[in-house]
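Below are the chains, spelled out letter by letter.
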Amino acid sequence: MSLVENLFLEPQSKRRKINPETIESPSPNCNHWFVRNKICISCYTTVDNFEGRSFDYLYKGMQMSNEALGFTKGLISQTSWLEDKKLHLVLDLDQTLIHTIKTSLLYESEKYIIEEVESRKDIKRFNTGFPEESLIKLRPFVHQFLKECNEMFSMYVYTKGGYDYARLVLEMIDPDKFYFGNRVITRRESPGFKTLDLVLADERGIVIVDDTSSVWPHDKKNLLQIARYKYFGDKSCLFSEDKKKIDESDEKGPLNTALRFLKDVHEEFFYDWSKKDLDSVDVRPLLKEISLRWKRKADGVV
Ligand SMILES: [Mg+2]
Ligand SMILES: [Zn+2]
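Bear in mind the structure is a predicted one, so any value in this text is a computation, not a measurement.

As for the coordination of the magnesium ion (ligand 1)
Right, on to step 1. Taken together, the protein ligands of the magnesium ion (ligand 1) are Asp-92 (OD), Asp-94 (O) and Asp-211 (OD), with distances of 2.1 to 2.2 Å.
Right, on to step 2. All donors to the magnesium ion (ligand 1) come from one chain, and their sequence spacing reads D-x1-D-x116-D.
Right, on to step 3. Using a relative accessible area of 27% as the deciding quantity, one classes Asp-94 as partly exposed.

Here it is in structure tokens:
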């Protein structure tokens, strides 16, 4: 059982029946840090007008006060650093790990792909429950990327897409919920911009991989922006053209590069670990430093 589950689920022996009508005045000493289905899990008071964040995507009905959130984020990250030597990784879906297109927007020369869907593992066709039939194409190297990242990070999906759509994609990349569990944040939980407030980990230990930077107005220091993945042409798009399909390579594509970058980040974060002070470690300056070093190398300066 994970640390978060331990925090949220009371042991069987402690559980007692709650009848909200029998509860009198709120407990004077309780700050109601964790509230589930409007009842504080510590003092059992019914809490209306709760100020804090909802973590429905992890545990149904769960809310946390801002104080509890800060505490939980810190606790989860420190446990993860100390026990598993893992940081946290937040992954976007569209044009980062996959490319999805409505079949009506395919060029004539691409329509043969629809016939190939049955025999291909990297493309899925879907229509039920969605307004239009579409194709999802996996980015080359995505399986290996997830497998290796999982050794170094606890992973989240964070997408502007809807919940049902995210589940379809996850059936292709994580059918057994091995990599992400319930750590999947969609438009349902996050209708506006993306924010690390919804990720249960200390910001000092989170790396984001996303093709779009503008959706992260407050967390750019955590962002590794990846080249946008576009497999299909798109006849609704002005700059797209009907040309022969060339997919990214496994060895030299952006996901492979991102993996090598993340390995550097992980290695340097935990380098000389026993000498480091837990209160001052921070992945953000490290991301900046490694980016600059990679850039200098690419420019031939080093
Ligand atoms: Mg995207
Ligand atoms: Zn309480």
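Section: the nonpolar core
Right, on to step 1. By size, the foremost hydrophobic cluster in this structure holds 47 residues, and its most contacted members are Phe-145, Ile-173, Phe-180 and Leu-262.
Right, on to step 2. Elements represented by at least two residues in this core include exactly β5 (87–91), β8 (134–138), α4 (142–152), β9 (153–158), α5 (163–173), β11 (206–210), α6 (254–270) and α7 (283–298).
Right, on to step 3. No other element matches the eight residues that α6 contributes to this core.
Right, on to step 4. Aside from chain neighbours lying at most four places away, what touches Ile-173 is Leu-93, Leu-97, Leu-138, Val-142, His-143, Leu-146, Tyr-179 and Phe-180.

Details of the sheet that holds strand β3 (residues 53–54)
What holds strands together in a sheet is hydrogen bonding between their backbones, with the strands either parallel or antiparallel.
Right, on to step 1. If you trace the four strands from one edge of the open sheet to the other, you get β2-β1-β4-β3, paired in antiparallel fashion. Of all strands in the sheet, those with a lone pairing partner are β2 (39–40) and β3, marking the two edges.
Right, on to step 2. Together, β1 (34–36), β3 and β4 (62–64) form the strand contacts of helix α2 (residues 66–84), whose direction differs from that of β4 by roughly 95 degrees.

Regarding the coordination of the zinc ion (ligand 2)
Right, on to step 1. Here the zinc ion (ligand 2) is held by Cys-30 (SG), His-32 (ND1), Cys-40 (SG) and Cys-43 (SG), and the distances to it run 2.1 to 2.4 Å.
Right, on to step 2. If you list the donors of the zinc ion (ligand 2) from N- to C-terminus, the spacing comes out as C-x1-H-x7-C-x2-C. Just as His-32 is buried, Cys-40 falls in that class too.

A closer look at the packing of aromatic side chains
Right, on to step 1. Considering all chains together, one arrives at 15 aromatic pairs under this definition.
Right, on to step 2. Look at Phe-126 and Tyr-165: their rings are 6.1 Å apart centre to centre, the planes differ by 45 degrees, and that puts the pair in the tilted class. Residue Phe-126 is located in strand β7 (residues 123–126), and its partner Tyr-165 is located in helix α5; the two are separated by 39 residues in the primary sequence.
Right, on to step 3. On the basis of relative accessible area, Phe-126 is assigned to the buried category, the value being 7%.
Right, on to step 4. The exposure class assigned to Tyr-165 is buried, which follows from its relative accessible area of 10%.
Right, on to step 5. Each ring, one from Tyr-158 and one from Trp-216, has its centre 5.1 Å from the other, and the planes form 70 degrees; the classification is edge-to-face. With a gap of 58 residues between them, Tyr-158 in strand β9 and Trp-216 in the loop between β11 and β12 (223–225) connect regions that are remote in the sequence. Side by side, Tyr-158 and Trp-216 carry an identical accessibility label, which is buried.

What counts as what
- Think of each chain on its own: its residues are numbered from 1, step by step along the sequence as written.
- By the order in which they are written, chains take letters starting at A while ligands take numbers starting at 1.
- At least 70 in pLDDT is required for a residue's local features to be given in this predicted model, at least 80 for side-chain atom pairs to be given and counted, and no such filter applies to totals for whole chains, interfaces and linings, which use all residues.
- Hydrogens and waters are ignored; side-chain quantities use all the structure's heavy atoms.
- Atoms are scored as donors when they are N, O or S and lie within 2.8 Å of the metal, with 3.2 Å used for Na, K and Ca; no water is included, so coordination may look incomplete.
- Per-residue accessibility, obtained with a 1.4 Å probe over protein chains only, is compared with the maximum for each type, and a residue is labelled buried under 20%, exposed over 50%, and partly exposed between these values.
- For the purposes of this section, nonpolar cores are sets of buried Ala, Val, Leu, Ile, Met, Phe, Trp, Tyr and Cys residues that join through side-chain atoms within 4.5 Å.
- To qualify as a helix, a DSSP run of H or I must reach at least 4 residues; to qualify as a strand, a run of E must reach at least 2; elements of each kind are numbered from the N terminus.
- Contact definition: two residues touch when any of their heavy atoms are within 4.5 Å.
- For two strands to be treated as a pair, DSSP must find no fewer than two bridges joining them.
- Note on geometry: axes are lines fitted to C-alpha atoms, helical ones only across the stretch in contact, with angles between N-to-C directions running from 0 to 180 degrees.
- The pairing test for Phe, Tyr and Trp rings, Trp by its six-membered ring, is centres within 6.5 Å, and the orientation test on the planes gives stacked under 30 degrees, edge-to-face over 60, and tilted for anything in between.

That is the geometry; function is a separate question.
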